[in-house]
Structures are given as C-alpha cells and as structure tokens.
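Residues per chain are reported as follows:
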Amino acid sequence: MVNYKRLLGYLAPYRGRFGISIGLIFLSIIIGDFLVPMLFGWTIDRGLAAGDLRRVVSYAGLLVLGQAGRSVVGYVQWVFQHQVGQDVVRDVRNRLYERLQALPTSFYREMPTGEIMSRVTSDVEAIQEYVGWGLLLQIAGIFSFVGVSVILFLLDWQLTLLLYAPLAVLGVVVFFFDRKIGPLWDREREQMGHLTEALQETLSGIRLVKAFAQEVREALRFRGQNATNRDRNLARAGLEARALPAMDMLIGLAFVLLTWFGVRRVLAGQTSLGVFFSFQWYIWALIWPVRFMGWLISLQRQALAAAPRMYQILDAPLLVADAPDARPLPDARGELTFRDVGFAFPDEPE
C-alpha cells in the first residue's frame, strides 16, 4: 500500500489534467454505456413495435449523435491521459538520473550497470503504463459496472440476478488470477534485470572478453539467463492461457442465459422486446470491467513489482552531501591549497 500511494504521488503535479481525464471518461461511459443502450431499446419499443417510423428515425439519429459525441470525448480524454502519462515518466526518469549522478561509487559496485539500465527503462515504462492509463481504466470499469447494474435492476431485476451468476464466478476467477499473476510478474521482471545485466557487462567489456578468449563462456552465461527468462515468461503466459479462456467461457454463458431466459420472459409478456435488446448491449458494459480487470490488475502488479526496484535507487543514501550550514564559495582566483586534508569512503577506509 505504501508503494501504491507513492506511485499515485507522481500524479500530484498534474492533478488538474488527470481530473479532466476522469471527468471525460465518466462522460464517455454515461453516453456510451448508459444512454445509448437505452435509446436502442426505445427505438424498438416506442418506434418499431408501435409502428411509428418518425420515432424510429428520431431515436436512430440520437444514437448516431451519441456515438459521435462519445468518439469526440474519447479522443480528447485520450490526449489528456497520455500527456499525463508521458509527463510522469519524464519526471521519474529525471529524478532517477539526478540521483544516479549524486550517488557514491560504492553504489555502482553493488548494483551492476545493466541492472540500473533495466530499472531506468523497462521498470519506469511499467509504472507509466499503469499510472498513465491503467489506473483510469480501473476507475472507469468500476463506474461502468456500478452504473449499469443499477440500470439493469431498474429494467428487470429478475433477469439481472440471473445474469449475475456467471459474472460472480467470473469475478472469483479474476480474484485468483490476480493472486497468482503478481508473483510471476515479480520473478519475470527480476530475471529481465539479470538478462540486461549480462548483456551490458559483455558488451561494455568486449575487449577483455576477446583478449582472454572468453567468447564461448560469455555466450553460455547469456544462454543460461535467456533460458531462465524464457521459462519465467512461459510460466506467466501459461497461467494467462488457463485463466483467460475460462473467463471467455463464462462470458459466453452469460449471453446464453440472457438469450434463453430473456426470450421466455418476452414471450410471457414479463418484459418488452426493447428491454431484451437493451440487455444485450448493457451486458457488455458489465462484462468489460470484470473481463479487463484481470488485465488491469496485471498492469497494476507489474507497476508495483517495478516500484521497489526503482525506489532502491531513489532511496539509496548519499554518503557525500553538503552540511546544513554550508556556505557558497565566493569568487576565487583559481588557486587552491590543501593542508592536513584527508578523505576516505566508509566502505574503503584505506
């Protein structure tokens, strides 16, 4: 939770644009997920079923305007959202680079250059993907699910309760998927750092490798790291291969239940044809938050796995720093004299 709050802190300088992005994505959901399916149902019940062509044309025109409005809002929201994401990744990389410049040489002996490069590049990208747009989609998914649930209960609470059976199972699958995918992403990201480290060390010291005829040894070392990286990627992909089709099956079951029981309720006069077709549209607004929440949680876990690796650099102690009462150096003539001066690093007293 501490790492999560700290990640959200990078949005603070851009809270205005981030707030606009949230407002725009809410407006997009209200238009596309709330109003458009309702208009579609009215087109059938109040226009087609009543034989009123003018109403059909009017509602169809409103559907076109609604979709066009959602597209415009979505475009503006996407621009704001990506601006915030790119500003965050720029700030994070600037802070990391400034910290790396200030850290003592002992830090670089403990952390290889390849590991540092991995943290400044791929780890920061993982954070940007979640903070930049993954977080917004999580918020949008919750808003869409709650809002559509209220609308469906108002339209036909019995049919809605029936649809919640496969969706509840889908939620359980997503929950267990989240618990298992997190550690796998942690291991994969750690191994990627080791692979980058092996590559960087070999390339930066290629003259020594060739001088001592160690090409075969270095190739075998890289093969070993690369094989481990492959195995960890396949372990994560195997879990996704098992979980994602199960999610798709539950989504298909929801549509089967809606078709079977929905048609029976229409034929029995317990609900209208327009409400039935509205349900077909609304159900996607219920499914996508649950279905994509697993993917968004995966993005979140990647960011949370990358955050401690990045903070290890940002929080590394500075062994050489100005004293609190340090005074600026006045204009000098370019002459320096050292008398009785001594210096040593704490880890190298000699």
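Residues numbered from 1 in each chain as written. Predicted model: local features only at pLDDT ≥ 70, side-chain atom pairs only at ≥ 80, totals over all residues. Heavy atoms only, no water.

Right, let's get into the overall build of the chain. Helix and strand counts for the chain come out as 8 helices and 0 strands. Reading the secondary structure of the chain in the N-to-C direction produces α-α-α-α-α-α-α-α. A compact globule built from 350 residues should have a C-alpha radius of gyration of about 20 Å, whereas the chain, at 29 Å, is more than 25% larger. Taken along the three principal axes of its C-alpha coordinates, the chain extends 100 × 55 × 30 Å. Per-residue burial over the chain gives 41% buried out of 350 residues. The contacts of the chain with a sequence gap of at least 6 include a subset with a gap of at least 24, amounting to 86%. Side-chain charges in the chain split into 35 positive and 32 negative, and the spacing between the mean points of these groups amounts to 7 Å. (Helix = DSSP H or I, 4+ residues; strand = E, 2+ residues; numbered from the N terminus. Rg over C-alpha atoms; globule rule 2.2 N^0.38 Å. Buried < 20%, exposed > 50% of the residue type's maximum accessible area, 1.4 Å probe, protein only. Contact = heavy atoms within 4.5 Å. Lys, Arg positive; Asp, Glu negative; His and termini not counted. Charge placed at Lys NZ, Arg CZ, Asp CG, Glu CD.)

In this section: the nonpolar core. By size, the foremost hydrophobic cluster in this structure holds 71 residues, and its most contacted members are Leu 7, Tyr 10, Val 88, Leu 96, Phe 107, Met 310 and Ile 313. Those elements that place two or more of their residues in this core are α1 (2-9), α2 (15-48), α3 (53-102), α5 (113-204), α7 (215-267) and α8 (273-314). With 23 residues, α5 is the single largest residue contributor to this core. Counting 5 residues, the second-largest nonpolar core is a separate cluster that includes Ile 31, Val 36, Tyr 59 and Leu 63. (Core = buried A, V, L, I, M, F, W, Y, C linked by side-chain atoms within 4.5 Å.)

On to the packing of aromatic side chains. Going through the model one piece at a time under the given rule, you end up with 11 aromatic pairs. An angle of 45° between the planes, with centres 5.6 Å apart, marks the rings of Phe 34 and Phe 143 as tilted. Taken together, the positions of Phe 34 in helix α2 and Phe 143 in helix α5 put the pair 109 residues apart, joining distant regions of the chain. The buried category is assigned to Phe 34, whose relative accessible area is 12%. The partly exposed category is assigned to Phe 143, whose relative accessible area is 25%. By the ring-pair criterion, three or more aromatic residues cluster together here, those being Phe 40, Phe 276, Phe 277 and Trp 281. The residue whose ring lies beneath Arg 6 is Tyr 311, and the NZ or CZ to ring-centre distance is 3.9 Å. (Phe/Tyr/Trp six-rings, centres within 6.5 Å; stacked < 30°, edge-to-face > 60°. Lys NZ or Arg CZ within 6 Å of the ring centre and 35° of its normal.)

What follows covers the environment of Ala 305. In this fold, Ala 305 is placed in helix α8. Residue Ala 305 is classed as buried on the basis of its relative accessible area, which comes to 13%. Separated by 221 residues in sequence, Ala 305 and Val 84 place their C-alpha atoms 21 Å apart. Excluding anything up to four places from it in sequence, Ala 305 contacts Asp 186 and Arg 189.

Tallied over the entire structure, the rule returns 11 salt bridges. One salt bridge connects Arg 90 with Asp 91, and the closest N-O pair in it is separated by 3.2 Å. Taking relative accessible area as the criterion, Arg 90 reaches 41% and is therefore assigned partly exposed. With a shortest N-O distance of 2.9 Å, Arg 265 and Asp 156 are connected by a salt bridge. Of the two residues, Arg 265 sits in helix α7 while Asp 156 sits in helix α5, which places them 109 residues apart along the sequence. For the pair Arg 265 and Asp 156, one class covers both residues: buried. Each of Arg 17, Asp 87, Arg 90 and Asp 91 takes part in one network of salt bridges that share partners. (Salt bridge = Lys/Arg side-chain N within 4 Å of Asp/Glu carboxyl O.)

All right, on to the packing of α2 against α3 then. Two numbers describe how α2 lies on α3: the axes approach to 8 Å, and their chain directions differ by 165°. In this view, α2 runs roughly antiparallel relative to α3, as classed from their interaxial angle. Along this stretch, α2 crosses α3, giving a crossing that reads as left-handed. By residue class, the composition of the contact of α2 with α3 is 20 nonpolar, 10 polar and 6 charged. (Axes fitted to C-alpha atoms, helices over the stretch in contact; angles between N-to-C directions. Parallel < 35°, antiparallel > 145°, perpendicular 65-115°, else oblique. Left-handed = near helix turned anticlockwise from the far one by under 90°. Nonpolar A, V, L, I, M, F, W, Y, C, P; charged D, E, K, R; others polar.)

Moving on: unusual backbone geometry. Note: most residues except glycine have negative phi, and most peptide bonds are trans. Although it is not a glycine, Ala 213 sits at a positive phi angle of roughly 55°. Of note, Ala 213 is situated in the loop between α6 (206-211) and α7. Look at Ala 213 and you get exposed, because its relative accessible area is 57%. In the Ramachandran plot, Asp 340 falls in the positive-phi region, its phi being about 50° despite a non-glycine side chain.

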